[in-house]
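Geometric and topological summary
What follows is each chain in one-letter form.
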Amino acid sequence: GGYVIGDHVKEHDLRGAGVYSFFRDFDVNVASGFRAPEDANGIRLQNIFCVFLSGKGGIDHVLNKKGARTGSDSQGRPNYFDPRLAHKWIRVARLGRARLRCFLT
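Figured I'd write up the structure that's included with this text. What you see is a predicted model; the values in this text were computed from it and never measured. (Residues numbered from 1 in each chain as written. Predicted model: local features only at pLDDT ≥ 70, side-chain atom pairs only at ≥ 80, totals over all residues. Heavy atoms only, no water.)

Our focus in this paragraph is the nonpolar core. Counting residues in each nonpolar core, the largest one holds 17 residues, and the members touching the most others are Phe34, Ile43, Leu45, Ile48 and Leu63. Put simply, the parts of the chain that give this core at least two residues each are strand E4 (29–35), strand E5 (42–46), strand E6 (48–55) and strand E7 (58–63). Here Phe34 is in contact with Tyr3, Leu14, Ala17, Gly18, Val19, Ile48, Phe49, Cys50, Val62, Leu63 and Asn64, once residues within four sequence places are set aside. (Core = buried A, V, L, I, M, F, W, Y, C linked by side-chain atoms within 4.5 Å. Buried < 20%, exposed > 50% of the residue type's maximum accessible area, 1.4 Å probe, protein only. Helix = DSSP H or I, 4+ residues; strand = E, 2+ residues; numbered from the N terminus. Contact = heavy atoms within 4.5 Å.)

Our next topic: the environment of Arg69. For Arg69, the location among the structural elements is in the loop between E7 and strand E8 (79–81). Taking the C-alpha atoms as reference points, Arg69 and Ala31, separated by 38 residues in sequence, lie 9.2 Å from one another. Excluding residues within four positions of it along the chain, Arg69 makes contact with Asn29, Gly57, Gly58, Ile59, Asp60, Ser74 and Asn79. At 2.6 Å, the side chain of Arg69 forms a polar contact with the side chain of Asp60. (Polar contact = N/O pair within 3.5 Å; in protein donor to acceptor, adjacent residues only side chain to side chain.)

This structure, assessed with the given rule, holds four salt bridges. Among the salt bridges present, the one from Arg15 reaches Asp13, with a minimum N-O distance of 3.2 Å. Look at Asp13 and you get partly exposed, because its relative accessible area is 39%. The shortest N-O distance in the salt bridge between Asp60 and Arg69 comes to 2.6 Å. Given the relative accessible area of 35%, Arg69 is considered partly exposed. (Salt bridge = Lys/Arg side-chain N within 4 Å of Asp/Glu carboxyl O.)

Here you go:
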């Protein structure tokens, strides 16, 4: 992961953070852009996202193997994940003139 919170951490607050994918020379696929302990109530993550900039490979999930894949098919568009929604993820895609549309699954 690009941002890893250790299993021993009990409190952590992260807001508006992104992990970007740019693997120029090698086809690298990362399992998750962010990793954090799932059982710590003091860990707060808000507005986290992954973005594929260019190159090869990508990031399979946003947080702890949850959330959408970021790869060449979503180049330049952030994939957001909100842990407060538990099993749901939010993907934001640009439509026309800076309009945003959210997809929930």
